[in-house]
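# Notes for the structure review
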Amino acid sequence: MAGITLKNIYKVYPGDVTAVNDFNLEIEDKEFIILVGPSGCGKSTTLRMVAGLEEITKGELYIGDRLVNDVEPKNRDIAMVFQNYALYPHMSVYKNMAFGLKLRKMPKDEIDKKVREAAKILDIEHLLNRKPKALSGGQRQRVALGRAMVRNPAVFLLDEPLSNLDAKLRTSMRTELTKLHKKLQTTFIYVTHDQVEAMTMGDRIVVMHDGFIQQVDTPQNLYDNPCNLFVAGFIGTPPMNFMDGTVMKVGDRFIARVGDSDLPLLPSRFSDEKIVPYDGKPVVVGIRPENLHLEPVYMDQPTTGVITARVELAELMGSEIYVYAKYGEKNIIAKVPPQATAETGAEIQIAINCNKLHLFDKETGKVI
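What comes next concerns the included structure. The structure presented is a predicted model; accordingly, all values stated were derived computationally and were not measured. (Residues numbered from 1 in each chain as written. Predicted model: local features only at pLDDT ≥ 70, side-chain atom pairs only at ≥ 80, totals over all residues. Heavy atoms only, no water.)

### Section: the sheet that holds strand 10 (residues 212-217)
If you trace the six strands from one edge of the open sheet to the other, you get 6-7-8-3-9-10, paired in mixed fashion. Single-partner strands in this sheet number two, and they are strand 6 (78-81) and strand 10. Taken pair by pair, the neighbouring strands of this sheet meet at an average axis angle of 15°, ignoring direction. As judged from the five bridges shared by strand 3 (residues 32-36) and strand 8 (residues 187-192), these two strands associate in the parallel manner. For phenylalanine 32, the partnering residue across the bridge sits in strand 8 and is phenylalanine 188. (Pairing = 2+ DSSP bridges. Helix = DSSP H or I, 4+ residues; strand = E, 2+ residues; numbered from the N terminus. Axes fitted to C-alpha atoms, helices over the stretch in contact; angles between N-to-C directions.)

Shown next as structure tokens:
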């Protein structure tokens, strides 16, 4: 098995278009790492460079201790699972899974053993004689995984493998892939634009934007401690609320003035060292929807700030309500219990848990 090291990797296309910019990452052996970001951020290009399907413009790529920049894809000890599965339509499931091993001149009995073992793990033994067109999307996905598994690669590369599946199947396949990773004990690099997939599956997440790595961290740390406005807005469903504010000193404490409301900046969250340089300056105030409350019990607490907003829409999600409201010119979303009352058009008071406030530099977007 193998870890992977990417050192100062660049990918520049003709016309001086830089798709990946100074990419540095250490992936540990057996780690499940996720590359996530919006379309065009460079995540699939990075994966294809690891696979050897794209040439590296500059930088060094190691699989284990071996520099593989100029190594053919077939000699890199990797297996790739594509978004569209890339199965041979004229071959049975069995032949699709066995094809790569046949090319390597592996003995027939060994091929048979490997195919049947993989089929058993993936619960597709009963499909081995079918052709791909007779399979559902989820079954085709399992076959594509099985074809990769039989090669027993050091590294699995998965490029948006669940994006063609319906919502329910995606959820169950996420669980299956996580279980499979634990069972196989090998390195997984997984590309997705879906941050729910990233949050639920990865040991660590690499958030990318415009070819640059924004932040690499565990899912919980990314959620709790985003390093900039982009990561804060990209990770989390519904996304973090952002409001314009100004840092001010009132007596011996600091507050963020947002519209006509004062939000306490608690010393436990923001040290003087961080806040003093921003005294009197505009900032972006961030708060996640679940840290906004409509219940009166939250209104008078010293760690709470209160704003008055107008309800535009209340969406009942079963276990919770998403309240879409307007505060000044800003749209904000509160995630509240189903018993909360929020009628469209009504003015409501929203309590903000200031223990969970985030502040960002207005110019650089970096967290304060």
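### With respect to unusual backbone geometry
The step from threonine 237 to proline 238 runs through a cis peptide bond, and the omega angle for that step is -10°. Relative to the elements of secondary structure, proline 238 occurs in the loop between helix 8 (229-234) and strand 11 (241-250). The backbone of lysine 30 shows a phi angle near 75°, a positive value even though the residue is not glycine. Counting through the fold element by element, lysine 30 comes out in the loop between strand 2 (17-27) and strand 3. Judged by its relative accessible area of 38%, lysine 30 falls in the partly exposed class. With phi around 60°, aspartate 77 is a residue other than glycine that occupies positive phi space. As for its position among the elements, aspartate 77 is in the loop between strand 5 (66-67) and strand 6. (Buried < 20%, exposed > 50% of the residue type's maximum accessible area, 1.4 Å probe, protein only.)

### Regarding the sheet that holds strand 1 (residues 4-13)
Hydrogen bonds between backbone atoms are what pair the strands of a sheet, whose relative direction is either parallel or antiparallel. Judged by pairing direction, the sheet is antiparallel, and its four strands sit side by side in the order 2-1-4-5 without closing on themselves. Each edge of the open sheet is held by one strand with a lone partner, namely strand 2 and strand 5. Here helix 1 (residues 43-51) sits on the sheet and contacts strand 1, strand 2 and strand 4 (58-63); the angle it forms with strand 1, its principal contact strand, is near 115°. (Contact = heavy atoms within 4.5 Å.)

### Quick word on the pattern of salt bridges
Following the criterion strictly, the structure yields ten salt bridges and no others. The residue glutamate 54 makes a salt bridge to arginine 48 at a minimum N-O spacing of 3.7 Å. Notably, a salt bridge pairs aspartate 194 with arginine 170, separated by 3.1 Å at the nearest N-O pair. With aspartate 194 in the loop between strand 8 and helix 6 (195-201) and arginine 170 in helix 5 (residues 167-184), this pair connects stretches of sequence that are 24 residues apart. Taking relative accessible area as the criterion, aspartate 194 reaches 18% and is therefore assigned buried. The network of salt bridges with common partners includes Lys11, Arg48 and Glu54. (Salt bridge = Lys/Arg side-chain N within 4 Å of Asp/Glu carboxyl O.)

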